[in-house]
Amino acid sequence: MRVLVTGSEGFLGKHVCAALLKRGHSIFGLDSDPGADNVADITKAMPRMDVDAVVHLAALASPDICTRNPELAFAVNVHGTHQVLRFAFESGAKKFVFSSSAHVYDIPPRYLPTDECHPLRLNNVYTTTKLLGEQLCHLFYENHGLSYTTLRLYNAYGPGQAEGYFIPDQLAKARAGKIELRGSDVTKDWVYVTDVAEAFVRAVDSQFVGPINIGSGIETTLRAISLIIAQAYEVELYAHPAATPTRMQCDGRRAERVLGWKPTIKVEEGLDVIINHAQAQSIYTKSSA
């Protein structure tokens, strides 16, 4: 199968491309130029071609950046998604897989574990753009017959993730000598990046139309994550609870039923890989200096 992957050079995109190649698919990567402010028109760089499926990962993924620059967020996450959907339809694709977020349920959601029938909320600019992206996918399905699957991702993590996300930020603090943590009793649902990539591969091959949660189904406190990192680096952890702690927990029964997908890597195992990778990179950097 010929699969176009947008955002192919990103943290998740690299893993998705590797998983698709391993499954025997032909991959065409599409990404913005380094340092570009807008990926909405990246499809203009692609020649017209026939593809069987599109995996759309390219997005402005930081809620804080979206809040600070809503015009850019809508250009990238809404107009960009529309452009890629048009490209998919005109290129003859039979399947479109869209990367969304569990943030569309709000944080905290109304109930745990949270399934795909949970009410959706326009909580902020980021979630609004993701919900509009999902709606565009559905409209292309209703109007043009372009089959789609939306994957609502929980907290993806893994080696190579950029700072600005929780685990890389805690690693940076540990390298600096201590971890100061606020919101220690907040919970997230962590899912390792290779497990997430496998979900995208299965979605490409699936006949299912609609949203699917991708998470572990396990609540883990921020304190538990930070403690593992602090112990690995032998630094002190100063943990402070949140005034109003929030919780997240995925109901993954649809993913298991529809995709045959379940996470395989526990958070302790994933953190061990990340810490070893980060420490090896640090040693390499020092030896090259």
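Above this text is the structure in question.
Scope of this entry: the structure provided in the associated data block. Everything numeric here is computed off the predicted structure, so don't read it as measured data.

Brief notes about the sheet that holds strand β5 (residues 147–153)
Across the sheet, which stays open at both edges, the six strands sit in the order β2-β1-β3-β4-β5-β10 with parallel pairing between neighbours. The open sheet terminates on both sides in strands that have one partner only, identified here as β2 (26–30) and β10 (210–214). Between one strand and the next, the sheet's axes are offset by a mean angle of 20°, whatever the strand orientation. As defined by bridge partners, strand β1 (residues 2–6) adjoins β2 across five bridges and the pair is classed as parallel. Among the inter-strand pairings, V3 is bridged to a residue of β2, identified as I27. Packing of helix α4 (residues 125–144) onto the sheet brings it into contact with β4 (95–101) and β5, and relative to β4 it is tilted by some 160°.

Structural notes on empty space enclosed by the protein
Scanning all chains against the criterion turns up one cavity of 30 Å³ or more. When its volume is computed, the largest cavity comes out at roughly 30 Å³. In this structure, the largest cavity is lined by A102, Y105, D106, I107, P109, T114, Y154, M248 and Q249.

Quick notes on the environment of R253
Inspection of the secondary structure assignment puts R253 in helix α8 (residues 253–259). Separated by 138 residues in the primary sequence, R253 and D115 have C-alpha atoms spaced 8.1 Å apart.

Topic: the state of the cysteines
For the coordinates displayed, the defined rule picks out zero disulfides. Of the cysteine sulfurs around C117, a residue in no disulfide, the closest is that of C250, at 13 Å.

With respect to the pattern of salt bridges
Here the structure, examined in full by the defined rule, presents ten salt bridges. As a salt-bridge pair, D106 and R121 come within 2.5 Å of each other at their nearest N and O atoms. Within this pair, whereas D106 is found in the loop between β4 and α4, its partner R121 is found in the loop between β4 and α4, the two being separated by 15 residues in sequence. R121 gets classed as partly exposed once you look at its relative accessible area, which sits at 46%. The residue D251 makes a salt bridge to R253 at a minimum N-O spacing of 2.7 Å. When its relative accessible area of 7% is taken as the criterion, D251 is described as buried. Assessed through its relative accessible area of 59%, R253 is described here as exposed. Through salt bridges with shared partners, one network takes in R23, E198, R202 and D205.

Cut-offs applied
- Residues numbered from 1 in each chain as written.
- Predicted model: local features only at pLDDT ≥ 70, side-chain atom pairs only at ≥ 80, totals over all residues.
- Heavy atoms only, no water.
- Pairing = 2+ DSSP bridges.
- Helix = DSSP H or I, 4+ residues; strand = E, 2+ residues; numbered from the N terminus.
- Axes fitted to C-alpha atoms, helices over the stretch in contact; angles between N-to-C directions.
- Contact = heavy atoms within 4.5 Å.
- 1 Å grid on protein atoms, 1.4 Å probe; cavity = no way out; pocket = protein on both sides within 12 Å on 5 of 7 lines; lining within 4 Å.
- Points joined across faces, edges and corners; volume = space filled by probe spheres on them.
- Disulfide = S-S within 2.5 Å.
- Salt bridge = Lys/Arg side-chain N within 4 Å of Asp/Glu carboxyl O.
- Buried < 20%, exposed > 50% of the residue type's maximum accessible area, 1.4 Å probe, protein only.

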